[in-house]
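# Inside the fold
Chain by chain, the residues:
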Amino acid sequence: MSEETKDIKTEEVIEEEAVIKDIKLPGSLSVRDLATLMEASPIEVIKVLMANGVMANINQTIDFDAAAVVASEMGYEASLDTVDQLEAEDVGEIPLWKRMIANEDEKDLKPRAPVVTILGHVDHGKTTLLDAIRQASVVSEEAGGITQHIGAYQAKHNDRLITFLDTPGHAAFTAMRSRGAQGADVVILVVAADDGVMPQTKEALAHAKAAQVPIVVALNKIDKENANPELVKKQLADNGLVPDDWDGDTIVVPVSAKQKTGLEDLLEAILLVADNVEIMANPDGIVIGTVIEAERDPSRGVVATLLVQNGTLNVGDVLVLGTSHGKLRAMFDFYGNAIESAGPSTPISVLGLKEVPAAGDPFRVVDSEKDARSIVAERKDKQKAEKSKSIKPLTLESMFDAFQAGEVRELRLIVKADVQGSLEPIVSSLEEMSATDKEGQIGVHILQAGTGNISENDIALAAASKAVVMGFNVEADGSAQKAAEREGIAIRLYNIIYRLTEDVEKALKGMLQPEERETIIGKAEVRAIFKSTRLGKIAGCKVVEGEVRRNAFVRVLRNGKEIYSGAISSLKHDKDDVKDVREGFECGINLKDYDDIQEGDILEAFIVELVAAA
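None of the values given here were measured: they were computed from a predicted structure.

### Here we look at the pairing of strand β16 (residues 318–321)
Residues Val 318 and Val 320 of β16 are buried on one face, and the alternating residues Leu 319 and Leu 321, pointing to the opposite face, are buried as well. Sheet topology places β16 next to strand β17 (residues 324–332); four bridges connect them, and they run antiparallel. Of the residues in β17, the one forming a bridge with Val 320 is His 325. Once β16 ends, the chain turns through two residues before running back antiparallel as β17, passing Gly 322 with a positive phi of about 65°. Two strands pair when backbone bridges link them, and β16 and strand β21 (residues 362–366) are joined in this way by four bridges, in the antiparallel orientation. When the bridges of β21 are listed, Val 320 appears paired with Arg 364.

Rendered as structure tokens:
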């Protein structure tokens, strides 16, 4: 082969390889935008869509899958834009900003200020501690300057910044976590030296552990005469936080927020913990962050406090925040000063959003307001579709399937018992359990264990953590039951310990089947028989106890003996079809596939529920 022929062949290969071009596409875009990205005619794009069974006009939004098909037929290899890809991935509770940073090139990552939130029992001094740190460590830009409250601020220690989320209380922390925010890098657990570990302390600790955030304990009120730090340290150790001076790995710092002592040591401890977990971000990367709080101001419109977690946010950027969006027309730091840009770990207040976003919503920068509107419209449609679906809670029965599908990595439990003597053997037995699958192990993770009835706070933790609530010899109070129904949380109640542990063991192995339990809801007495050409015999009845429901089952009793059990075909009251008939009222009942009904028969209505073994 001559050199000239080789050159021609080489050019053909190069030309052939150059035909396939890489193109990055967002999760959704308009036909016009797709044509622009491919430098093609919108008419060509519409023709390809039509050939593939998709009818769309030039301004219509199509999803990535449809766009990828068009791109492939027009000589492009399409891939999903990094942020859209990360948003689409099912990764449990790992927030978007963490996934984004993991996707950055390591050489571009730089240390950033740690973000800290404060949790603890009511009246243990959370707000006082935040105020004391602010006054002692926030350097005002001018004498007498007062920081503006925007839900977060930055303090300085040893020339290093620390960002504090000024939203004390685990309710706010839970609200953010339930939306996948997990905005804090370090949690300060405030415990009063005179009061010790209280129920809310344990709840806050459970939330911090579930979020897998390192914990620093601030032993507050150390100046009080009845302070007993050694007793509190023992209580902490009993709850899994062994102090560092007891050869544990939890830093416990004695402080007095009121006297403003120990604050420097606390800030030092925060930086020490932060250095151990390598808190990094790419200031030049894709802009990702979290909404801290937001409200609609009568004079300024929507005002939102944001925490930038990767990249650098600038005035004029277009943001998408959950189902809200907008172009930033102004940004302010926590002093209230107007700023033009904000890097990682910077808390800011912004103006320019169209709607009020929810606390905990992740935000990101997009190229244009048109892109933002498209993304928000798609998210709102998705929300509507999800709302129309019935809530399918994670239950013990469904847990193994969810694990195999990659939806859960462990069985998370909240355990409540009547007394400590019952709680300890239950917790001990559960912690020893695990089951091996070809994909790995399902472990039991007890988020919280305590005595007393199941409360609304237990349900809040379960909702934020995708956990199952289990109770032994306890009940769920009214507010807890309503919250569980609203959030789709499974509550299982037992009165025999081995039944509880046996069910968990079966669930880990995918062997637990729900049990059926009959509940009698009412009785009706047959007083007359009517014939219908369409339905056959209709029993004219009077409900003598409880109620009869159309979707219930009926057991026919004659002389005290059961002669039939089956479903109701129709239920009428005064010739009208009804859903239920209550005690004291008359009704007409037609039974499915049974016609041998007689006067004097008793119809016992019952429902069948799937319940835990008792």
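What follows picks up the thread again.
### Focus on the environment of Ala 269
Structurally, Ala 269 is set in helix α11 (residues 263–277). Residues Ala 269 and Val 216, spaced 53 residues apart in sequence, show a C-alpha to C-alpha distance of 7.3 Å. For Ala 269, the contacting residues outside a window of four places in its chain are Val 216, Ile 251 and Val 253.

### Some remarks on the state of the cysteines
Applying the stated criterion across every chain, the model contains zero disulfides. A disulfide-free cysteine, Cys 541 has its sulfur positioned 5.1 Å from the sulfur of Cys 587, the nearest such atom. Since its relative accessible area comes to 3%, Cys 541 is described here as buried. The exposure class of Cys 587 is buried, given its relative accessible area of 7%.

### Concerning the sheet that holds strand β8 (residues 160–165)
Across the sheet, which stays open at both edges, the six strands sit in the order β7-β8-β6-β9-β10-β11 with mixed pairing between neighbours. Two strands close off the open sheet at either side, each with one partner strand: β7 (152–157) and β11 (252–254). Across this sheet, the average inter-strand angle for adjacent strands is 30°, counted without regard to direction. Bridging between strand β9 (residues 186–192) and strand β10 (residues 215–220) involves six bridges; their strand directions are parallel. Across the sheet, the residue bridging to Leu 189 is Val 217, located in β10.

### Some remarks on α11
For α11, with 15 residues, the first-to-last C-alpha span of 22 Å sits near the 21 Å given by 1.5 Å per residue. Three or more residues of α11 are buried, namely Leu 263, Leu 266, Leu 267, Ala 269, Ile 270, Leu 271, Val 273 and Ala 274. Just downstream of α11, Glu 278 is the residue with a positive phi angle, here 50°.

### Structural notes on a negative patch on the surface
Together, Asp 63, Asp 65, Glu 378 and Asp 381 make up a negatively charged patch on the protein surface. Among the structural elements, Glu 378 can be located in helix α12 (residues 369–388).

### Section: the side chain of Asp 458
You can see Asp 458 is positioned in helix α15 (residues 456–465). Polar side-chain contacts of Asp 458 include one of 3.1 Å to the side chain of Gln 448. Here the side chain of Asp 458 touches Ser 455 through a polar contact of 2.8 Å, landing on its backbone nitrogen. Residues in contact with Asp 458, not counting those within four places in the same chain, are Ile 414, Lys 416, Gln 448, Asn 453 and Val 469.

### A look at the pattern of salt bridges
Across all of its chains, the model carries 21 salt bridges by this definition. The partner of Lys 370 in a salt bridge is Asp 33, and the shortest N-O contact between them spans 3.4 Å. Taken together, the positions of Lys 370 in helix α12 and Asp 33 in helix α2 (residues 31–37) put the pair 337 residues apart, joining distant regions of the chain. Note that Lys 380 and Glu 355 form a salt bridge whose closest N and O atoms lie 2.9 Å from each other. With Lys 380 in helix α12 and Glu 355 in the loop between β20 (347–353) and β21, this pair connects stretches of sequence that are 25 residues apart. With relative accessibility at 30%, the residue Lys 380 sits in the partly exposed group. Owing to a relative accessible area of 32%, Glu 355 belongs among the partly exposed residues under this scheme. Beyond isolated ion pairs, a larger network of salt bridges with shared partners links Glu 518, Lys 523, Arg 555, Glu 562 and Glu 604.

### Here we look at helix α17 (residues 497–508)
Counted at 1.5 Å a residue, the expected span for α17 with its twelve residues is 16 Å, and the 17 Å between its end C-alpha atoms agrees. For α17, the set of buried residues is Leu 500, Thr 501, Asp 503, Val 504, Ala 507 and Leu 508. Buried positions in α17, seen along its axis, are confined to an arc of 155° and lie on one side of it.

Calculation notes
- Residues numbered from 1 in each chain as written.
- Predicted model: local features only at pLDDT ≥ 70, side-chain atom pairs only at ≥ 80, totals over all residues.
- Heavy atoms only, no water.
- Buried < 20%, exposed > 50% of the residue type's maximum accessible area, 1.4 Å probe, protein only.
- Helix = DSSP H or I, 4+ residues; strand = E, 2+ residues; numbered from the N terminus.
- Pairing = 2+ DSSP bridges.
- Contact = heavy atoms within 4.5 Å.
- Disulfide = S-S within 2.5 Å.
- Axes fitted to C-alpha atoms, helices over the stretch in contact; angles between N-to-C directions.
- Expected span 1.5 Å × (residues − 1).
- Patch = residues over 30% accessible without salt bridge, like charges linked within 9 Å, V, L, I, M, F, W, Y side chains within 5 Å.
- Areas by Shrake-Rupley, 256 points an atom, 1.4 Å probe, with all protein chains shown as cover.
- Salt bridge = Lys/Arg side-chain N within 4 Å of Asp/Glu carboxyl O.
- Lys, Arg positive; Asp, Glu negative; His and termini not counted.
- Charge placed at Lys NZ, Arg CZ, Asp CG, Glu CD.
- Polar contact = N/O pair within 3.5 Å; in protein donor to acceptor, adjacent residues only side chain to side chain.
- Arc of directions from axis to C-beta.

Function cannot be inferred from these measures alone, as they are strictly geometric.
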